[in-house]
Amino acid sequence: MASIKDYRPIVGRSVIEELELLAAHLKGVVVQNINSTAVGGGVAEILTRFIPLLRELGVDARWDVIKGDRRFFEVTKKFHNALHGREEEIPDGIYEFFLNEGARIIDETDIYGDIVVVHDPQPIMLVRKKRRDGKKWVWRCHVDIAHADKRVFAFLKQFIMKYDGVIFSSPLFSRRLALRQFLISPSIDPLSDKNKEIPQETIDSVLKKYGVKRDKPVITQVSRFDYLKDPVGVIDAFNLVKKYNDCQLVLAGNSAADDPESDKVLSEVREKACRDPDIHILLIPPEQNDIDINALQRASTVIIQKSIREGFGLVVSEALWKAKPVVASAVGGIPLQVEHQRGGLLCRSVEGSARAVRQLLNNPEYAGWLGRNGKEHIRQNFLLTRHLRDYMLLFIALYHGEDIIHL
Ligand code: UDP
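The paragraphs below set out a description of the structure included in this document.

So, the site of the ligand
Then, in step 1: The full set close to the ligand counts 18 residues, and Gly42, Arg224, Lys229, Asn289 and Glu318 are the nearest of them.
Then, in step 2: Lys194 is positioned such that a nitrogen or oxygen atom in its side chain is 2.9 Å from an oxygen atom of the ligand.
Then, in step 3: A distance of 3.4 Å separates an oxygen atom of the ligand from a polar backbone atom of Gly253.
Then, in step 4: Compared with its free state, where it exposes 540 Å², the ligand has 91% of that area covered by protein.
Then, in step 5: At 3 residues, helix H11 (residues 314-321) tops the list of elements feeding residues into the shell around the ligand.
Then, in step 6: Of the residues contributing to the shell around the ligand, the split by class is 5 nonpolar, 7 polar and 6 charged.

Put into structure tokens, the structure is as follows:
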């Protein structure tokens, strides 16, 4: 696993020195992260690399995962969708169920951190354990709540307001709240198995394993099978592209422990694909996940992310870091990552995404230029080192009420 000094050639020495300086201010502070899944989805992806690197820097960071059963995660998935603005039927009993299950989770969870970072709505109720003991509580919201369902947001607000601060991924997601708000975008790890350089033989063997030939361009979307990632819309767009350009589509996905909807979405996707041999629906086994996703992204001609809503969309940064031309919906955190017509193409519809994919397939030089620009944008803004710095600054700020802190 990469060590902090391995990032020096990628981001420069001064960035690493700054991290060491900030970490020195956090000696002895225990930072406890709590979320609801150890694998699957962007939060787990980030914490997996974040925790060991913070520890190497000397910050005592730890990670706990709450346990919930299928019913609990069905309820929190409804909250998740409703916060993203998707229409969800939320019967009254659901709130009571969440509170009852929440009481069990509160009982089961040991709070030992000096700083407690609670990720997303599933464990949000833990803040009820907050005491007047100087511990700092932060709610890290990975969801785009700009269009949140009013009732669900009002219900969750009773917990949110107990925190000392809340972190959003983009300024567009923040709300008027009478508590401190911090803006920190997520990041990718350039040295993880998911993103590091890999030899061509590895890429070839992964393609062979999944039966993807390189005889025609490959368009890929990597995502959990989730309605908000719109895999069915991707197939619609692909079918439009295919009328003019011979190409193939890869839909690679997995599911997360806290997402009970994926089987349903997957069967709809399979039905939509109608056994078209040019559509590869790949369920990636967890043990080989990272290298396989890395290889599939690198083997792609164009990467698409046609989300309807998106918290951030780490997959977009992952694709750009591999200098791939990207077509992505202008939702959530995606426009932060894709500067339209400079570092990728943004779209808003099936037809728009099909048109953008065709433009890239027909203009490989332009596509290459967009990919190279996109990569540089990710280097400057969305690598793990910037994220570590922002978090450490936030941790320090929690002990200071003033706006400017002199270190
Ligand atoms: N991912 C993966 N395997 C899959 C599908 C997705 O490893 O089969 C990863 C993907 O590479 C990315 C993360 O899961 O690192 C998804 O994060 P994103 O922010 O794009 O979406 P989320 O799932 O958190 O909504």
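Quick word on the nonpolar core
Looking at soluble globular proteins, one finds that nonpolar side chains tend to be buried together.
Then, in step 1: By size, the foremost hydrophobic cluster in this structure holds 54 residues, and its most contacted members are Val326, Leu388, Tyr391, Met392, Leu394 and Phe395.
Then, in step 2: Those elements that provide at least two residues to this core are helix H2 (13-24), helix H3 (42-57), strand S3 (115-119), H11, strand S11 (326-329) and helix H15 (384-398).
Then, in step 3: Counting residues per element, this core draws most heavily on H15, which supplies 9 residues.
Then, in step 4: Each residue touching Phe395, except ones within four places of it in the same chain, is listed here: Leu26, Val31, Ile115 and Val117.
Then, in step 5: Formed by 40 residues, the second largest nonpolar core is a distinct cluster that contains Leu126, Phe153, Phe155 and Phe173.

Focus: the packing of H11 against helix H14 (residues 364-381)
Then, in step 1: It is the contact of H11 with H14, at a shortest axis distance of 7 Å, that shows an interaxial angle of 120°. In terms of their interaxial angle, H11 and H14 are classed as oblique. In terms of crossing hand, the pair formed by H11 and H14 is left-handed. Of the residues in H14, those in contact with Ser317, Leu320 and Trp321 of H11 are Gly371, Gly374, Lys375, Ile378 and Arg379.
Then, in step 2: Residues of the contact of H11 with H14, tallied by class, amount to 3 nonpolar, 3 polar and 2 charged.

Here's the deal with empty space enclosed by the protein
Then, in step 1: Tallied over the entire structure, the rule returns 4 cavities of 30 Å³ or more.
Then, in step 2: Volume-wise, the largest cavity comes out at about 70 Å³.
Then, in step 3: Along the walls of the largest cavity sit Glu45, Ile46, Arg49, Ser187, Ile188, Asp189, Ser192, Asn195, Glu318 and Leu384, which together make up its complete lining.
Then, in step 4: Considering every element that reaches the lining of the largest cavity, the biggest residue donor is H3, with 3 residues.
Then, in step 5: Looking at the second largest cavity, its volume works out to about 50 Å³.
Then, in step 6: Around the second largest cavity sit Gln221, Val222, Ser223, Arg224, Phe225, Lys229, Pro231, Leu251 and Ala252, which together line it.

Some remarks on the environment of Gly165
Then, in step 1: Looking at the secondary structure, you find Gly165 in strand S5 (residues 165-168).
Then, in step 2: Overall, the relative accessible area of 0% leaves Gly165 in the buried class.
Then, in step 3: Once residues lying within four places of it in the same chain are set aside, the contact partners of Gly165 are Trp137, Val138, Trp139, Leu179, Arg180 and Phe182.

Comments concerning the sheet that holds strand S6 (residues 180-183)
Then, in step 1: The strand order across the open sheet formed by 6 strands is S2-S1-S3-S4-S5-S6, and the pairing between neighbours is parallel. Across the chains shown, the open sheet's two edge strands, defined by having one partner strand only, are strand S2 (60-65) and S6. The mean angle between the axes of side-by-side strands here comes to 20°, regardless of whether they run parallel or antiparallel.
Then, in step 2: Across 6 bridges, the pairing between strand S1 (residues 30-35) and S2 is parallel. Across the sheet, Val31 pairs through a bridge with Ala61, a residue of S2.
Then, in step 3: Strands in contact with H3 are S1, S2 and S3; relative to S2, the strand with the most contacts, it is inclined by about 150°.

A word on the pairing of strand S7 (residues 218-222)
Then, in step 1: Counting buried residues along S7, 5 of its 5 residues qualify, which places the element largely inside the surrounding structure.
Then, in step 2: Along S7, one buried face is formed by Val218, Thr220 and Val222 and the opposite face, lined by Ile219 and Gln221, is buried too.
Then, in step 3: Pairing of S7 with strand S8 (residues 248-253), which is carried by 5 bridges, proceeds in the parallel orientation. Note on S8: the bridge partner recorded for Val222 is Ala252.
Then, in step 4: Note on the crossover from S7 through helix H8 (residues 231-242) to S8: the handedness is right-handed.
Then, in step 5: The sheet contact formed by S7 and strand S10 (residues 302-305) spans 2 bridges and is parallel. Looking at S10, one finds that Thr220 is bridged to Ile303.

Thresholds, definitions, all that
- Note that residues are indexed from 1 along each chain, following the sequence as it is written.
- Confidence filtering applies because this is a predicted model: local features only for residues at pLDDT of at least 70, side-chain atom pairs given and counted only at 80 or more, and all residues used for totals across whole chains, interfaces and linings.
- Side-chain numbers here rest on the full set of heavy atoms in the structure, without hydrogens or water.
- Residues are labelled near a given molecule or strand when at least one of their non-hydrogen atoms is within 4 Å of it.
- In the analysis that follows, any N or O atom pair within 3.5 Å is treated as a polar contact, provided that within protein one partner can donate a hydrogen and the other can accept it, and provided that, for residues neighboring in sequence, both atoms belong to side chains.
- Only the protein chains shown count as cover for residues, and the accessible areas themselves come from Shrake-Rupley with a 1.4 Å probe.
- Helix and strand labels come from DSSP, where a helix needs a run of H or I of at least four residues and a strand needs a run of E of at least two; each type is numbered from the N terminus.
- For this scheme, ten residues count as nonpolar: Ala, Val, Leu, Ile, Met, Phe, Trp, Tyr, Cys and Pro. Four count as charged, namely Asp, Glu, Lys and Arg, and the remainder, Gly too, count as polar.
- To define a nonpolar core, start from buried Ala, Val, Leu, Ile, Met, Phe, Trp, Tyr and Cys residues and group those joined through side-chain atoms within 4.5 Å.
- Residue burial is assigned from relative accessible area. The probe radius is 1.4 Å, only protein chains are included, and a residue is buried under 20% of its type maximum, exposed over 50%, and partly exposed in between.
- Residue contacts follow a heavy-atom distance rule, with two residues in contact if any of their heavy atoms lie within 4.5 Å.
- Axes here mean lines fitted to C-alpha atoms, for a helix over just the part in contact, with angles spanning 0 to 180 degrees between N-to-C directions.
- Between 65 and 115 degrees an angle is taken as roughly perpendicular, under 35 as roughly parallel, over 145 as roughly antiparallel, and anywhere else as oblique.
- For any pair of crossing helices, the crossing counts as left-handed if the nearer helix is rotated counterclockwise from the farther one by less than a right angle, and right-handed if it is rotated clockwise.
- Cavities and pockets were defined on a 1 Å grid built over protein atoms only: a cavity is a set of grid points that admits a 1.4 Å probe from which the probe cannot escape, a pocket is an open set flanked by protein on both sides within 12 Å along at least five of seven lines, and lining residues are those with an atom within 4 Å of any such point.
- Grid points are joined across faces, edges and corners, and a volume is the space filled by probe spheres set on the points.
- A pair of strands is considered paired only if DSSP assigns at least 2 bridges between the two.
- Handedness is read with the strands pointing away from the viewer; a crossover is right-handed when the path from the first strand over the helix to the second is clockwise.

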